[in-house]
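# Secondary and tertiary structure notes
The lines below spell out each chain.
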Amino acid sequence: MPRKPQTTKKAYVSKKPDNSGFIHYTSEENATWHDLITRQVPLLPNRACTPWIEAMNEMNFPEDRVPQLEDVSRVLTEHTGWSVVGVPALIGFTEFFQLLANRQFPVATFIRTREDFDYIQEPDIFHEVFGHTPPLTDHRFSAFCEAYGKAGLAADSKDHFMLARLFWFTVEFGMVRTDEGIRAYGSGIMSSPGELLYAVESDIPQRKPFDAVDVLRTPYRIDIFQPIYFVIEGFDQLFDLAQSDLLGHIKEARRLGMHQPTYEAA
Ligand SMILES: [Fe+2]
């Protein structure tokens with residue numbers, strides 16, 4: 001989703017495909033993917049929700065190289081008609097909403113350097129592909145993303161920041177109640193070993209039942225472990241949300257007013 005530009009460090013630039021659509025990664029970049037995915041997958045059981053793990057198995061990501069977008073799209077298209085499309089690291093709200101409304105998930109194609117191995121503020125291809133694409137094979141989750149994009153196109157630009165919160169607390173940092181306990185499904189948690197353990201096991205964060213209007217009123221910071229997670233009851237709840245009046249929820253959130261941050265200002 002749209003991010004604030006980095007001002008203090010070098011900017012990452014997405015890699016462009018060649019004429020045949022193939023994106024070339026160096027052996028060092030492929031080794032980085034290998035080390036990221038082989039570190040993350042063993043951490044998933046009992047922390048990621050089971051449908052997410054099953055979806056990841058469907059994606060069948062390679063371990064030895066960065067996956068090609070074409071291969072990722074093939075699996076998504078078979079399941080839900082979605083695809084991924086390469087974009088620069090930063091895109092505007094309108095383009096972001098337009099892509100989601102068209103069932104296309106925007107993906108920055110660069111991979112982090114070793115210097116940023118444990119934490120990267122920008123979304124790199126490990127976050128985008130490993131973190132985001134598995135649940136897009138689920139028709140309920142993907143229907144929510146499509147409805148979200150359509151609502152974004154219909155919304156007034158002054159309300160975009162609230163829609164960003166809705167995406168943040170679901171697709172990026174969502175958690176779900178299961179019979180075994182609260183588990184994660186959001187991409188920002190799935191692509192971070194530290195936040196996966198913290199989100200599921202730490203006593204520090206609040207875990208609130210998901211309520212769309214409450215989410216729209218809740219600010220967040222992108223560069224800290226989240227102080228609040230919203231917990232859905234299952235992907236059915238996202239599907240129901242997709243059928244609901246998202247712009248009406250925004251109106252109600254405005255009427256009630258915004259919550260104060262629970263964190264220190266950046
Ligand atoms: Fe993301």
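Residues numbered from 1 in each chain as written. Predicted model: local features only at pLDDT ≥ 70, side-chain atom pairs only at ≥ 80, totals over all residues. Heavy atoms only, no water.

### Details of the coordination of the iron ion
Within the protein, the iron ion binds to His-127 (NE2), His-132 (NE2), Glu-172 (OE) and Glu-172 (OE); these donor distances fall in the range 2.1 to 2.4 Å. Classification of the site at the iron ion rests on its 4 donor atoms, whose angles at the metal span 56 to 146°, yielding the label irregular. All donor residues of the iron ion come from one chain, and their arrangement in sequence is H-x4-H-x39-E. Remark: Glu-172 occurs in helix α7 (residues 160–172) and His-132 occurs in helix α5 (residues 125–132); sequence separation between them is 40 residues. Residue Glu-172 is classed as buried on the basis of its relative accessible area, which comes to 1%. (Donors = N, O, S within 2.8 Å, 3.2 Å for Na, K, Ca; no water. Tetrahedral: all angles 85-135°; square planar, octahedral: opposite > 155°, others 65-115°. Helix = DSSP H or I, 4+ residues; strand = E, 2+ residues; numbered from the N terminus. Buried < 20%, exposed > 50% of the residue type's maximum accessible area, 1.4 Å probe, protein only.)

### Considering the side chain of Asn-30
Here Asn-30 shows up in helix α1 (residues 27–40). Since its relative accessible area comes to 17%, Asn-30 is described here as buried. Those residues within four positions of Asn-30 in sequence are excluded, and the remaining contacts are Tyr-25, Asp-64, Arg-65 and Val-66. (Contact = heavy atoms within 4.5 Å.)

### What about the sheet that holds strand β5 (residues 206–209)?
Taken together, 4 strands build an open sheet; the order of strands is β4-β3-β6-β5 and the sheet is mixed. Across the chains shown, the open sheet's two edge strands, defined by having one partner strand only, are β4 (181–184) and β5. Going from strand to strand, the sheet's axes swing by 40° on average, the running direction of each strand aside. The pairing of β5 with strand β6 (residues 228–232) spans 4 bridges and is classified as parallel. For Gln-206, the partnering residue across the bridge sits in β6 and is Ile-228. (Pairing = 2+ DSSP bridges. Axes fitted to C-alpha atoms, helices over the stretch in contact; angles between N-to-C directions.)

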